[in-house]
Protein chains: 2
Amino acid sequence: MAKGVAPRECSVADTLQVVGERWTLLIIRELLYGVRRFDGIVRNTGAARDILTTRLRKLEEAGIVRREPYSEHPPRYEYHLTAKGRELSDVLTVLMKWGDRHLNTADPPVRWIHVCGERLDPVVVCAHCGRPANEGARPIGRGALTP
Amino acid sequence: MAKGVAPRECSVADTLQVVGERWTLLIIRELLYGVRRFDGIVRNTGAARDILTTRLRKLEEAGIVRREPYSEHPPRYEYHLTAKGRELSDVLTVLMKWGDRHLNTADPPVRWIHVCGERLDPVVVCAHCGRPANEGARPIGRGALTP
DNA sequence: GCAGTGAGTTGTATTTTCCAACTTACTCGC
DNA sequence: GCGAGTAAGTTGGAAAATACAACTCACTGC
């Protein structure tokens, strides 16, 4: 990174700096599922307890997770997502779709039933025209250069 | 992982197994931007050259990247995304949106102009009803249990 | 009391990652 | 034709992150 040019400026890279470490997105998955306690997250993710501790502290620092005491004396906390954290649900949704399509073709481990009653088929579209987001979009701005 | 219960079965976890390592999604970002060569990817991501080599080999093995020779003798290759790899663009799009909203509020490094002419505002919706995907969806299936 | 639960903490072994330097095989300018 | 530059790696050693199991502390329930 030192000599010559800097890497591309990019919100993807910045986001991954916050949630891109191993286990982090799985922790957020558990919180979205409603699992609130340490041992539950350990069980469902398979992460080591020490790693989980450091990840949860970092997520709290980043404003993605909030810690709420449910017992003093043995000081114990429940973990909740903040609004900022809940907005990561779209990331998880899209990752799940890709995995369902390309890795678990036969039978997906989880299906989601949408509020409309149908099985959820998530698509990323442009809020203005409703067409797929990846349909002929072009990047502009200082991070868009490709030398 | 050994004693007691297994972690949650989940396509998110499976996807991250393939593209969740550090640098991997940034490599895919570069390929989506049209950068095809090793040194370009090194420059734009900031990844170490040895790491990049192993990541590209793994991605090739996973069927996400295809390697095409453009010179023999010094054997040199260009890297392309397969259809499977291009489908990860939605993942990047959604990660970018979160970063734009929560980390680069002032001025996003890249804006995308959609084919409709407007600035792209990507939203994840249900393909059936068009409403936001995260609106009251409920999980079912063997990976949906929350003990 | 005594087993069990819950949330960590600690110590050590193993894996990854980082970084800089080196290599090979050209191509280009003069 | 000769040195500089480009391109895509490979190598070796240091530094950091991860994994794993065992241990602690403060209860709770029987």
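Owing to the predicted nature of the structure, the values given are computational and were not obtained by experimental measurement. (Residues numbered from 1 in each chain as written. Chains lettered and ligands numbered in written order. Predicted model: local features only at pLDDT ≥ 70, side-chain atom pairs only at ≥ 80, totals over all residues. Heavy atoms only, no water.)

Q: Where do I start with the packing of helix 2 (residues 24–33) of chain B against helix 3 (residues 38–45) of chain B in this structure?
A: Two measures define how a pair of helices packs: the angle their axes make with one another and the distance between the axes. Residue and element names in this part refer to chain B. The geometry of helix 2 relative to helix 3 is characterised by a closest axis approach of 10 Å and an angle of 120° between their N-to-C directions. With respect to helix 3, the axis of helix 2 lies oblique. Here helix 2 runs over helix 3; the crossing is right-handed. Taken together, the residues of helix 3 that come into contact with helix 2 (itself represented by Leu 26, Ile 27, Arg 29, Glu 30 and Leu 31) are Ile 41, Asn 44 and Thr 45. Of the residues contributing to the contact of helix 2 with helix 3, the split by class is 4 nonpolar, 2 polar and 2 charged. (Axes fitted to C-alpha atoms, helices over the stretch in contact; angles between N-to-C directions. Helix = DSSP H or I, 4+ residues; strand = E, 2+ residues; numbered from the N terminus. Parallel < 35°, antiparallel > 145°, perpendicular 65-115°, else oblique. Left-handed = near helix turned anticlockwise from the far one by under 90°. Contact = heavy atoms within 4.5 Å. Nonpolar A, V, L, I, M, F, W, Y, C, P; charged D, E, K, R; others polar.)

Q: Before we go on, may I ask you to explain the interface of chain B and chain A in this structure?
A: Where the parts come together, the accessible area they lose is often given as the size of the interface. Taken together, the 81 residues of chain B in the interface contact 81 residues of chain A. Summing both partners gives a buried area of about 7400 Å² for chain B against chain A, and 64% of it is carried by carbon and sulfur. Together, Arg 8, Leu 95 and Trp 98 of chain B form the three largest contributors to the area buried by chain B at its contact with chain A, with a combined 9%. Counting across the interface, chain B meets chain A through 6 salt bridges. (Buried area = accessible area lost by both parts, 1.4 Å probe. Salt bridge = Lys/Arg side-chain N within 4 Å of Asp/Glu carboxyl O.)

Q: Hey, could you run me through the relation of the copies chain B and chain A in this one?
A: One copy of the chain maps onto the second through a rotation around an axis plus a translation along that axis. Under the fitted operation, chain B is carried onto chain A by 0.0 Å of movement along the axis and a turn of 180°, and the coordinates agree to an RMSD of 0.0 Å. As the rotation angle and translation indicate, the two copies are arranged about a two-fold axis. In terms of C-alpha distance to the rotation axis, chain B has Val 124 of chain B as its closest residue, with the C-alpha 2.2 Å off the axis. Comparing interface residues between copies, 100% of those in chain B also sit at the interface in chain A, which points to an isologous, same-surface contact. (Least-squares fit on C-alpha atoms with pLDDT ≥ 70 in both.)

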